[in-house]
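What the coordinates show
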Amino acid sequence: MTVEVTWWGHATTTLRDAGVTVLTDPLLVRRTAHLRRRRGALPPASATVADVVLVSHLHADHLHTGSLSRLAPGTRVVVPGGAPRAVPALRRLGRLLDVTEIAPGEELTVAGPDGASVRVRAVPAAHDGRRLPVGPHRTAALGYVVEGTARTYFAGDTGLFPGLAAAVGPVDVALLPVGGWGPYLGDGHLDAAGAAQALARLGPRSAVPVHYGTYWPIGMDAVRPHEFHAPGDEFVRLAAKAAPGVAVHRLDHGESVRLEGRG
């Protein structure tokens, strides 16, 4: 039994498990606000075809309404509770998309075209869930566990927090953020070292680093460029020490890997 993971860049991945296609935090543009795509081709149009889309939190590089508008009408989009109230453009998209709000601990079932299904469970994340740092509406940032033939944890954005492993539960595959889009990461983020610690707590079979090496602020190309390029390889190195039993797969943009689930 396997799950296929494709990394499109930043926190955007496609999971295929039990005949169900899951898209995470779609960011499908060359430029958003002050960020410009520096590595990897844009995801193809086929990347917008999904049975369900999981949005981890309201920050515009994760809940990107321009990218969501490219989804087929009727696509189910799962968002943190309160997201439509906080993001007017998402409310407008709700006329075309099937927007479902969810809170930590809640679950839903998603069926694929052949009738098979996966279970999606929202789990907590240690991250500021507001649309902007001064946004008036606070919503909980989320991670998700997708359970089909494998149990795959998509962390969204999070820092380490007590009870992480208990909240997530046993998983086979972990998609962990290891960097960001600037030379410094604030609270509520995992760098390569923090992600390696999270991996040791979670103990999955396999891991894929995400959320690094795709978008970089305009005008900062020459400023600490290693902070942009290095986190994936650094995570591989540190994970080998912190969690030597976990197979880590550092993917290139657009690359896929098949990973083992439960036997």
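Relevant structure appears above.
Residues numbered from 1 in each chain as written. Predicted model: local features only at pLDDT ≥ 70, side-chain atom pairs only at ≥ 80, totals over all residues. Heavy atoms only, no water.

This part covers the overall build of the protein. Each helix and strand counted, the protein has seven helices and 17 strands in total. Taken against the 2.2 N^0.38 rule, which gives 18 Å for 263 residues, the C-alpha radius of gyration of the protein at 17 Å falls within 12% of a compact globule. On the principal axes, the C-alpha backbone points of the protein span a range of 50 × 45 × 35 Å. Contacts spanning at least 24 positions in sequence make up 65% of the contacts within the protein whose residues lie at least 6 apart. (Helix = DSSP H or I, 4+ residues; strand = E, 2+ residues; numbered from the N terminus. Rg over C-alpha atoms; globule rule 2.2 N^0.38 Å. Contact = heavy atoms within 4.5 Å.)

Before going further, it helps to examine the side chain of threonine 6. Turning to its location among the elements, threonine 6 is positioned in strand 1 (residues 2-9). For threonine 6, the residues in contact, after removing those within four places along its chain, are Thr12, Thr13, Thr14, Arg16, Gly254, Glu255 and Ser256.

The next point concerns the pairing of strand 2 (residues 12-17). Counting buried residues in strand 2 gives five out of six residues, a clear majority hidden from the surface. Here strand 1 pairs with strand 2 via five bridges, running antiparallel. From the neighbouring strand, glycine 9 faces strand 2, where its bridge partner is threonine 12. Relative to strand 3 (residues 20-24), strand 2 runs antiparallel, the two being bridged by five bridges. Within the sheet, the bridge partner assigned to leucine 15 lies in strand 3 and is valine 22. What sits between strand 2 and strand 3 in their antiparallel hairpin is a turn of two residues, with alanine 18 showing a positive phi close to 55°. (Buried < 20%, exposed > 50% of the residue type's maximum accessible area, 1.4 Å probe, protein only. Pairing = 2+ DSSP bridges.)

Take helix 5 (residues 192-202) next. Taken together, the buried positions of helix 5 are Ala192, Gly194, Ala195, Ala196, Ala198, Leu199 and Leu202. Looking at the buried side of helix 5, the elements it contacts are strand 12 (151-154), helix 4 (164-168), strand 13 (173-177), strand 14 (206-210), helix 7 (231-242) and strand 16 (247-248). Two to three positions downstream of the cap, the backbone nitrogen of alanine 193 sits 3.2 Å from a side-chain oxygen, assigning the N-cap of helix 5 to aspartate 191. In the segment just after helix 5, glycine 203 is the residue with positive phi, at about 60°. (Polar contact = N/O pair within 3.5 Å; in protein donor to acceptor, adjacent residues only side chain to side chain.)

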